[in-house]
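Single-letter residue listing:
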Amino acid sequence: QVQLVESGGGLVQAGGSLRLSCVASGRTFSNYGMGWFRQGPGKEREFVAGTSRSDRTYYADSVKGRFTISRDNGNNTVLLQMNSLKPEDTAVYYCAATRVIGLSTSPREYAYWGQGTQVTVSS
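Summarised in this report is the structure supplied together with it. (Residues numbered from 1 in each chain as written. Predicted model: local features only at pLDDT ≥ 70, side-chain atom pairs only at ≥ 80, totals over all residues. Heavy atoms only, no water.)

Observations regarding the pattern of salt bridges
Here is the rule: Whenever a carboxyl oxygen of Asp or Glu lies within 4 Å of a side-chain nitrogen of Lys or Arg, that contact is scored as a salt bridge. Each residue's exposure class comes from its accessible area (1.4 Å probe, protein chains only) as a fraction of the maximum for that residue type: buried when under 20%, exposed when over 50%, partly exposed otherwise.
Counted according to the given criterion, the structure contains 4 salt bridges. The salt bridge partner of Glu-46 is Arg-38, with a shortest N-O separation of 2.7 Å. Residue Glu-46 is classed as partly exposed on the basis of its relative accessible area, which comes to 36%. With a relative accessible area of 5%, Arg-38 lands in the buried category. The partner of Asp-89 in a salt bridge is Arg-38, with the nearest N and O atoms 2.9 Å apart.

Structural data, given as structure tokens:
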């Protein structure tokens with residue numbers, strides 16, 4: 001089992017920045033690929049950014065150039081730095097862990113999920 005706890009969400013104006021943090025416990029963190037997903041009101045959960053077990057990073061086109069994902073295996077932490085935020089970024093953001101080797105953008109491939117943190121971007 002892997003337990004994930006997110007923090008860092010909040011209310012920000014368009015153009016602002018937020019940094020989300022996810023702390024993992026329970027298993028060897030470096031054995032997992034990590035991802036951030038989001039779910040807006042009335043929408044399906046969608047992939048935002050991921051970092052593989054080999055620390056390769058990948059992003060949804062909608063956030064490329066604005067968001068940065070990073071992982072710290074020593075502290076069992078994955079971060080999502082979000083800059084130039086837009087109202088359409090408003091959603092509950094979830095941290096997730098997968099045993100899949102390589103890149104994984106499908107929620108079905110992630111076995112462990114955090115409780116989510118709300119991000120609201122006002123116009």
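Regarding the packing of aromatic side chains
Aromatic ring pairs are defined here through the distance separating the ring centres and the angle between the ring planes. What counts is decided by this rule: Two aromatic rings from Phe, Tyr or Trp, using only the six-membered ring of Trp, form a pair when their centres are within 6.5 Å; if the ring planes differ by under 30 degrees the pair is stacked, by over 60 it is edge-to-face, and anything between is tilted. Think of it this way: any DSSP run of H or I at least four residues long counts as a helix, any run of E at least two long counts as a strand, and we number them from the N terminus.
With the rule as written, the count across this model stands at 7 aromatic pairs. For the pair Phe-37 and Tyr-110, a centre-to-centre distance of 4.9 Å together with 80° between the ring planes defines the contact as edge-to-face. Here Tyr-110 lies in the loop between strand S9 (91-98) and strand S10 (112-113) and Phe-37 lies in strand S4 (residues 33-39), a separation of 73 residues in the sequence. Among the residues examined, Phe-37 registers a relative accessible area of 0% and is labelled buried. Ring centres of Phe-47 and Tyr-58 lie 5.3 Å apart, and the angle between their planes is 15°; on these two criteria the pair is classed as stacked. Here Phe-47 is found in strand S5 (residues 46-51), whereas its partner Tyr-58 is found in strand S6 (residues 57-59), with 11 residues between them in sequence. When its relative accessible area of 13% is taken as the criterion, Phe-47 is described as buried. Clustering of aromatic rings is evident, with ring pairs tying together Phe-37, Phe-47, Tyr-58, Tyr-94, Tyr-110 and Trp-113.

Concerning the environment of Lys-86
One can find Lys-86 in the loop between strand S8 (77-82) and S9. With 36 residues separating them in the primary sequence, Lys-86 and Ser-122 have C-alpha atoms 7.8 Å apart.

Concerning the sheet that holds S8
Put simply, the test is: Note: two strands are recorded as paired if DSSP finds a minimum of 2 bridges between them. Throughout, an axis means a line fitted to C-alpha atoms (over the contacting stretch in the case of helices), and angles, computed between N-to-C directions, take values from 0 to 180 degrees.
With antiparallel pairing, 4 strands are arranged side by side in an open sheet as S1-S3-S8-S7. Sheet topology places strand S1 (3-7) and strand S7 (67-72) at the edges, where each strand pairs with a single neighbour. Adjacent strand axes in the sheet meet at a mean angle of 15°, parallel and antiparallel pairs treated alike. Pairing between S7 and S8: 6 bridges, direction antiparallel. Of the residues in S8, the one forming a bridge with Arg-71 is Val-78.

A few points about the pairing of S9
Most of S9 is tucked away: 7 of the 8 residues are buried. Examined bridge by bridge, S4 and S9 share 7 bridges and lie antiparallel to one another. When the sheet's bridge partners are listed, Gln-39 is paired in S9 with Val-92. Note that S9 and strand S11 (residues 117-122) share 3 bridges and pair antiparallel. If you follow Tyr-93 over to S11, its bridge partner there is Thr-117. Sheet topology note: the S9/S10 ladder contains 2 bridges and is antiparallel. Opposite Ala-97, over in S10, you have Tyr-112 as the bridge partner.

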